[in-house]
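# Coordinate inspection notes
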Amino acid sequence: MIRFHGVAKRYPGGNDALRGISFEVTQGEMVFVTGPSGAGKSTLLRLIPLLERPTRGSVIVNDVNLSTLTRRRIPYLRRSIGMIFQDHRLLPDRSVFDNVALPLVIAGFEHKETQRRVRAALDKVGLLERERSDPATLSGGEQQRVGIARAVVSRPPILLADEPTGNLDPALSEEIMRLFEQFNRVGVTLIIASHDHALVERLGYRRVHLTDGALA
Amino acid sequence: MRFFTQHISAAIGALGEFQRRLTSNLMTTTVIGIALALPAIFILALDNLAEISQDWDGTPSANLYLERTLSEPEQAALQTQIDELAGITGSILIGAEQGKTTFAERTGMAEMLNLLEENPFPAVIQATPVSTLAPNEVAELVNQLADLPGVEDVRLDQTWLQRLQTIVELASRATGLIGALLAIAVVLVVGNTIRLDIENRRSEIEIMKLIGGTDAFVRRPFVYAGFWHGLIGGMLAWILSAIVITVIARPANRLAGLYDSGFALSGPWLADGLTIVATGVLLSLTGAWVAVTQHLRRIEPGEGT
Ligand SMILES: Nc1ncnc2c1ncn2[C@@H]1O[C@H](COP(=O)(O)OP(=O)(O)O)[C@@H](O)[C@H]1O
Ligand SMILES: [Mg+2]
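Residues numbered from 1 in each chain as written. Chains lettered and ligands numbered in written order. Predicted model: local features only at pLDDT ≥ 70, side-chain atom pairs only at ≥ 80, totals over all residues. Heavy atoms only, no water.

## Let's talk about the domain arrangement of chain B
Each assigned domain of chain B is listed with its residue range as follows: domain 1 (2-56 + 162-296) and domain 2 (62-156). Just the C-alpha atoms count here: the centres of domain 1 of chain B and domain 2 of chain B sit 50 Å apart. (Domains from an automatic or database assignment.)

## Focus: the interface of chain B and chain A
Opposite the 22 residues of chain B that make contact, chain A presents 23 residues. Carbon and sulfur atoms make up 52% of the surface buried where chain B meets chain A, a total of about 2,100 Å² over both sides. There are four salt bridges connecting chain B and chain A. The partner of Arg20(B) in a salt bridge is Asp93(A), and the shortest N-O contact between them spans 3.2 Å. Secondary-structure elements contributing two or more residues to the side of chain B that touches chain A are α1 (2-20), α8 (202-210) and α9 (215-258) of chain B. Counting residues per element, the side of chain B that touches chain A draws most heavily on α8(B), at six residues. Residues that form the side of chain B that touches chain A fall into these classes: six nonpolar, seven polar and nine charged. (Contact = heavy atoms within 4.5 Å. Buried area = accessible area lost by both parts, 1.4 Å probe. Salt bridge = Lys/Arg side-chain N within 4 Å of Asp/Glu carboxyl O. Helix = DSSP H or I, 4+ residues; strand = E, 2+ residues; numbered from the N terminus. Nonpolar A, V, L, I, M, F, W, Y, C, P; charged D, E, K, R; others polar.)

## So, a nonpolar patch on the surface
The grouping of Ile239(B), Ile243(B), Val244(B), Val247(B) and Ile248(B) at the surface amounts to a nonpolar patch, some 420 Å² of accessible area in total. Relative to the assigned elements, Val244(B) resides in helix α9. (Patch = residues over 30% accessible without salt bridge, like charges linked within 9 Å, V, L, I, M, F, W, Y side chains within 5 Å. Areas by Shrake-Rupley, 256 points an atom, 1.4 Å probe, with all protein chains shown as cover.)

## Digging into the site of ligand 1
Residue and element names in this part refer to chain A. Close contacts around ligand 1 come from Tyr11, Asn15, Ala17, Pro36, Ser37, Gly38, Ala39, Gly40, Lys41, Ser42 and Thr43, and that covers them all. Residue Ser42 places a side-chain N or O atom 2.7 Å away from an oxygen atom belonging to ligand 1. Here an oxygen atom of ligand 1 sits 2.5 Å away from a polar atom, N or O, in the side chain of Thr43. Taking 560 Å² as the accessible area of ligand 1 by itself, protein coverage stands at 69%. Put simply, the parts of the chain that give the shell around ligand 1 at least two residues each are β2 (15-25) and α1 (41-47). Ranked by residue count, the leading element in the shell around ligand 1 is α1, at three residues. Residues of the shell around ligand 1, tallied by class, amount to four nonpolar, six polar and one charged. (Near = heavy atom within 4 Å. Polar contact = N/O pair within 3.5 Å; in protein donor to acceptor, adjacent residues only side chain to side chain.)

## What to know about the sheet that holds strand β2 (residues 88-94) of chain B
Two strands in a sheet stick together by hydrogen bonds in their backbones, pointing the same way (parallel) or opposite ways (antiparallel). Residues and elements named next belong to chain B. Across the sheet, which stays open at both edges, the four strands sit in the order β2-β3-β1-β4 with antiparallel pairing between neighbours. The outermost strands of the open sheet, each flanked by one partner alone, are β2 and β4 (151-156). Averaged over all pairs of adjacent strands, the angle between their axes in this sheet comes to 20 degrees, without regard to strand direction. Pairing of strand β1 (residues 62-66) with β4 involves five bridges; the strand directions are antiparallel. Bridge assignment links Tyr65 to a residue of β4, and that residue is Asp153. On the sheet, helix α3 (residues 72-84) packs against β1, β2, β3 (124-129) and β4 and is oriented at approximately 165 degrees with respect to β2. (Pairing = 2+ DSSP bridges. Axes fitted to C-alpha atoms, helices over the stretch in contact; angles between N-to-C directions.)

## Here's the deal with the packing of aromatic side chains
Any pair of aromatic rings gets described here by the distance separating the centres and the angle formed by the planes. Residue and element names in this part refer to chain B. Inspection of the entire model under this criterion finds four aromatic pairs over all chains. With 6.2 Å between their ring centres and 80 degrees between their planes, Tyr224 and Phe227 make a pair best called edge-to-face. Residue Tyr224 and its partner Phe227 are located together in helix α9, separated by three residues, close to a single helical turn. Exposure remark for Phe227: the relative accessible area of 25% places this residue in the partly exposed category. (Phe/Tyr/Trp six-rings, centres within 6.5 Å; stacked < 30°, edge-to-face > 60°. Buried < 20%, exposed > 50% of the residue type's maximum accessible area, 1.4 Å probe, protein only.)

## Considering the environment of Ile148(A)
All names here are of chain A. Tracing the chain through its elements places Ile148 in helix α5 (residues 140-152). Residues Ile148 and Leu122, 26 residues apart in the sequence, show an inter-C-alpha distance of 9.1 Å. Beyond its immediate stretch of four places on either side in the chain, Ile148 contacts Ile84, Val125, Ile176, Leu179, Phe180 and Phe183.

## A few points about the environment of His111(A)
Residues and elements named next belong to chain A. As for its placement among the helices and strands, His111 is situated in helix α4 (residues 111-124). With relative accessibility at 61%, the residue His111 sits in the exposed group. Between the C-alpha atoms of His111 and Ala101, which are 10 residues apart in sequence, the distance is 9.8 Å.

## Observations regarding the pairing of strand β4 (residues 56-61) of chain A
Residues and elements named next belong to chain A. Bridge count between strand β1 (residues 2-11) and β4: five bridges; the pairing is antiparallel. Bridge pairing in β4 places Ala8 opposite Arg56. Hairpin geometry of β4 and strand β5 (residues 64-65) is characterised by an intervening segment of two residues between the two adjacent antiparallel strands and by a positive phi of about 55 degrees at Asn62.

## Quick word on the pattern of salt bridges
Within the structure shown, the criterion is met by 29 salt bridges over all chains. For Glu52(A), the salt bridge is made with Lys9(A), and the minimal N-O distance between the two is 3.7 Å. Of this pair, Glu52(A) sits in the loop between α1 and β4 while Lys9(A) sits in strand β1; the two residues are 43 residues apart in sequence, bridging distant segments of the chain. For the pair formed by Glu52(A) and Lys9(A), the shared burial category is buried. Salt-bridge contacts for Glu17(B) lead to Arg201(B); the nearest nitrogen and oxygen are separated by 3.9 Å.

## Focus on the domain arrangement of chain A
The figure often quoted for interface size is the accessible area lost as the parts come together. All names here are of chain A. According to the domain assignment, chain A consists of domain 1 (1-80 + 157-216) and domain 2 (92-155). For domain 1 and domain 2, the distance between their C-alpha centres works out to 23 Å. On the domain 2 side, the residues contacting the 12 residues of domain 1 number 13 residues. Considering only the surface of domain 1 that becomes buried against domain 2, Arg79, Leu179 and Phe183 emerge as the three largest contributors, covering 42% of it. Taken together, the links from domain 1 to domain 2 amount to one salt bridge. Counting every contact that joins domain 1 to domain 2 gives three residue pairs in polar contact (both at pLDDT 80 or more).

## A closer look at helix α6 (residues 170-185) of chain A
Residues and elements named next belong to chain A. Across its 16 residues, α6 extends 22 Å between first and last C-alpha, which sits within 8% of the 22 Å expected from 1.5 Å per residue. Of all the residues in α6, the buried ones are Ser173, Ile176, Met177, Leu179, Phe180, Glu181, Phe183 and Asn184. Downstream of α6 by one or two residues, Gly187 has phi in the positive range, about 105 degrees. (Expected span 1.5 Å × (residues − 1).)

In structure tokens:
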């Protein structure tokens, strides 16, 4: 489903974030990308929805070589990928409901269907009764769950999470991971970047370990 | 259908954004309104003026001011003599008394006129030359009329008409230039407002692009913001020009009455108003479009994280 082939990324300024890595994630897999801070985990994830383009090598998603994708096609690639960030990236001036509804609004879903799906997603992350709240009034763990609801609301086949538990205590981290496992069980392919080795170890999924931009 | 609902929601959303920063947005629309109203007022006034100079049937008439010593039979004889001239199609004799009465009626200055011992108005013969005369033939005719015994002065009312036409033309050119400059100002004002709007909503734009918003989707609220600025600014311009024209219409019409002109200044009604509003919308959309194409593409969700 996702294939990296000799991928290197050098940022403007000469920073080599990735130095020729190759690996594959098959459909329905749940994979952790580990490694110390600065190893290139975020860069690796950002290449998949084309938030960055590789300097060398190719990234193939759903049999599409991303280097052939024109600017106009990028939004449609991104719609098939749910993204979760450490800093949530919620819109502070919109309600929880509106934040979660955003991907559906962008995709042009009908009002009724949007409501139904947003409620289902919020129910899944246990925040249905907070739909009218302002994101700023929620705790860190709750904001992260809103971010997850937004990522899954349009039911994308791929979920990417960059340090989703970075700011959370162990109990909340565990809870978030359980959610991911639930999505994985219904066939979603997940790639999760984390430097929390203990947690990743305990869960026992496949790991891709990066050090200094190379696979270990 | 989906296309429509997306546009409607973008339009309503942009209106919501408009009223969220109501004060600064209203200042922008007021600037737009004034910038549109100024040329609109001049254009409307000039249109009115141009209409009178066109309403003129094209034949100038010559006003012959008669010497006061002429008796009424002598005046009548003079009129007959003029009517017989080649180049004159007809004439009207306006006696001194009649001139005074007409003026008194029109201006309401009868009392003042009565204070004068003598009637200040001379008898006048309005002679209409043949309409096919060339300008030099007209000049020759004027000389011929002026040389008639009993005629004190001849004035061709074409001279003021020509003057009016020249002034109207000059003023419309000036209005055109000023209008063009103000149109550029509207485009720039809206462009700048939308640019600031884009800067303020940078993180929102990044998130939209992050979750798969197309360029068209991200652009839409800002283009609609431009539309609302233009619509509201245009309506303001309509109201402003209607007020200004109504205020100056009364004295202008009275003045026109003094000149015996059918001129009546009319305000910007439906067609003119719609033109003003449409112009405002068009210019604002242009400004918004320029801002959006220049700044929106540069915001990409790549940086950061
Ligand atoms: N936008 C950027 N511009 C320049 N250098 C960057 C940028 N993003 C990341 N880097 C550099 O690339 C390397 C890998 O960063 P990153 O992928 O964020 O690692 P990780 O997520 O594992 O901490 C680091 O040295 C970082 O400084
Ligand atoms: Mg990182």
